Amino acid sequence: MSKDKNFNYDEELKKLHTDLVHLQEWVKKKGLKVVIVFEGRDASGKGGTIKRFTEPLNPRVCKVVALGVPTEKEKTQWYFQRYVEHLPSAGHIVLFDRSWYNRAGVEKVMGFCTDEEYREFLRSCPEFERMLVRSGIIVLKYWFSVSDDEQEKRFKNRINNPLKRWKFSPMDLESRSRWLEYSKAKDNMFAHTDTKQVPWYVVNSDNKKKARLNCISHVLSMIPHEKMDIKPIELPELPDYEGYVRPPMNYQTFVPEKY
């Protein structure tokens, strides 16, 4: 992508979307298993990037996993268990919109886990991810980095825009008041889980559009693939339907044509 300030976002995104389709077909053909983890502060741009990433792809091949609060049953399970069931099979891509790293971030800062649970996560997470890699899963981890000033602008925009208000939660308010604690938790998380086998990649996301393009471009560069031959499709002739009589229109209920 050009570093020119006047680059055309839509044109660049279209090129990347074309490449993503080729990547999707390559993943299917080769039976690859791909996991992409998206983490970062609230309003850092993860959701927008995921949306643009999946836009041109087949939802049967590329799935987004965004888990909610664990159930009472899940709370008694091995911590990674509810994430494991969403891991990809051959020929599939899974994007985690937040992941097992909840324990290193919000759970740690908000006191939703014990100190021992937190320490055990930091010990076991690198081993868990190395196990995934050894099993043949490609694992990519992205941290979206947003400045406090930019985050505040986005929070205010969410509060004042009824179409985005649903994105703002009481937890977002807490995150603002605990900025320093989240920063320390992130630094400690990186110190323990930024490994050679599964490193963290930081995305500068103060500019949303550039963050989306840079992240998608990096994913494409990290998964070796080839452009696939897209075979032309010829539509077959419609069969003879002279003997078919369509039921009267007033037998059906149509949606009012308001537009």
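Everything in this summary refers to the structure shown in the same document. (Residues numbered from 1 in each chain as written. Predicted model: local features only at pLDDT ≥ 70, side-chain atom pairs only at ≥ 80, totals over all residues. Heavy atoms only, no water.)

If you look at the biggest cluster of nonpolar residues, it comprises 27 residues, and the most contacted ones within it are Ile 36, Phe 53, Leu 95 and Tyr 142. Secondary structure elements with two or more residues in this core: helix 1 (9–30), strand 1 (33–40), helix 2 (46–54), strand 3 (92–97), strand 4 (137–145) and helix 10 (208–222). Those residues in contact with Ile 36 that lie beyond four places of it in its chain are Phe 53, Ile 93, Val 94, Leu 95, Phe 96, Leu 140, Tyr 142 and Val 219. Counting residues in hydrophobic clusters, the runner-up holds 26 residues, among them Val 37, Phe 96, Ala 104 and Cys 125. (Core = buried A, V, L, I, M, F, W, Y, C linked by side-chain atoms within 4.5 Å. Buried < 20%, exposed > 50% of the residue type's maximum accessible area, 1.4 Å probe, protein only. Helix = DSSP H or I, 4+ residues; strand = E, 2+ residues; numbered from the N terminus. Contact = heavy atoms within 4.5 Å.)

Within the structure shown, the criterion is met by 13 salt bridges. Of the charged contacts, one joins Glu 25 and Lys 28 as a salt bridge, the two residues approaching to 3.5 Å between their closest N and O atoms. Here Glu 25 pairs with Lys 28, and both are found in helix 1, just 3 residues apart, close to one helical turn. The exposure class assigned to Lys 28 is partly exposed, which follows from its relative accessible area of 40%. Of the charged contacts, one joins Glu 116 and Arg 123 as a salt bridge, the two residues approaching to 2.9 Å between their closest N and O atoms. Among the residues examined, Arg 123 registers a relative accessible area of 47% and is labelled partly exposed. Within the structure, one salt-bridge network assembled from shared partners comprises Glu 116, Arg 119, Glu 120 and Arg 123. (Salt bridge = Lys/Arg side-chain N within 4 Å of Asp/Glu carboxyl O.)

The backbone of Ala 43 sits at a positive phi, close to 65 degrees, despite the residue not being glycine. With respect to the secondary-structure elements, Ala 43 resides in the loop between strand 1 and helix 2. Backbone geometry places Arg 98, a non-glycine residue, at a positive phi of 70 degrees. You can see Arg 98 is positioned in the loop between strand 3 and helix 5 (106–110). Accessibility expressed as a relative area gives 25% for Arg 98, which makes it partly exposed.

Let's shift gears to helix 10. The end-to-end C-alpha separation of helix 10 is 21 Å, in line with the 21 Å expected for 15 residues at 1.5 Å each. Of all the residues in helix 10, the buried ones are Ala 211, Arg 212, Leu 213, Cys 215, Ile 216, Val 219 and Leu 220. Against the buried residues of helix 10 lie helix 1, strand 1, helix 2, strand 4 and strand 5 (200–204). Two or three places before Lys 209, at the start of helix 10, stands the capping residue Asn 207, its side-chain oxygen 3.2 Å from that residue's backbone nitrogen. (Expected span 1.5 Å × (residues − 1). Polar contact = N/O pair within 3.5 Å; in protein donor to acceptor, adjacent residues only side chain to side chain.)

With that settled, consider the environment of Arg 178. Structurally, Arg 178 can be placed in the loop between helix 8 (170–177) and helix 9 (179–193). Non-local contacts of Arg 178, meaning those with residues more than four positions away in its chain, are made with Val 109 and Met 110.

Taken together, the side chains of Leu 238, Tyr 241 and Tyr 244 make up a nonpolar region of the molecular surface, amounting to roughly 440 Å² of accessible area. Assignment of secondary structure puts Tyr 241 in the segment after helix 10. (Patch = residues over 30% accessible without salt bridge, like charges linked within 9 Å, V, L, I, M, F, W, Y side chains within 5 Å. Areas by Shrake-Rupley, 256 points an atom, 1.4 Å probe, with all protein chains shown as cover.)

Running from N to C, helix 2 and helix 10 point in directions that differ by 55 degrees, and their axes come no closer than 9 Å. For the element pair helix 2 / helix 10, the angle class is oblique. Handedness of the helix 2/helix 10 crossing: right-handed. Note on element contacts: helix 10 touches helix 2 through Arg 212, Cys 215, Ile 216 and Val 219, opposite Gly 48, Thr 49, Arg 52 and Phe 53. (Axes fitted to C-alpha atoms, helices over the stretch in contact; angles between N-to-C directions. Parallel < 35°, antiparallel > 145°, perpendicular 65-115°, else oblique. Left-handed = near helix turned anticlockwise from the far one by under 90°.)

What follows covers the packing of aromatic side chains. Considering all chains together, one arrives at 20 aromatic pairs under this definition. Ring geometry for Trp 78 versus Phe 128: centroids 6.0 Å apart, planes at 80 degrees, classification edge-to-face. Remark: Phe 128 occurs in helix 6 (residues 115–134) and Trp 78 occurs in the loop between helix 3 (72–75) and helix 4 (81–84); sequence separation between them is 50 residues. Looking at Phe 128, the relative accessible area reads 5%, which means it is buried. A ring pair is formed by Trp 143 and Phe 190, whose centres lie 6.1 Å apart and whose planes are at 85 degrees; its orientation type is edge-to-face. Linking Trp 143 in strand 4 with Phe 190 in helix 9, this pair joins segments that are 47 residues apart in sequence. On the basis of relative accessibility, which here comes to 15%, the residue Phe 190 falls in the buried class. One aromatic cluster in this structure is built from Trp 78, Tyr 79, Phe 80, Tyr 83, Phe 96, Trp 100, Tyr 101, Phe 121, Phe 128, Trp 143, Phe 190 and Trp 200. Across from the ring centre of Tyr 118, 4.7 Å away, lies the NZ or CZ of Lys 108, which sits over that ring. Positioned above the aromatic ring of Phe 190, the side-chain terminus of Lys 186 is 4.4 Å from the ring centre. (Phe/Tyr/Trp six-rings, centres within 6.5 Å; stacked < 30°, edge-to-face > 60°. Lys NZ or Arg CZ within 6 Å of the ring centre and 35° of its normal.)

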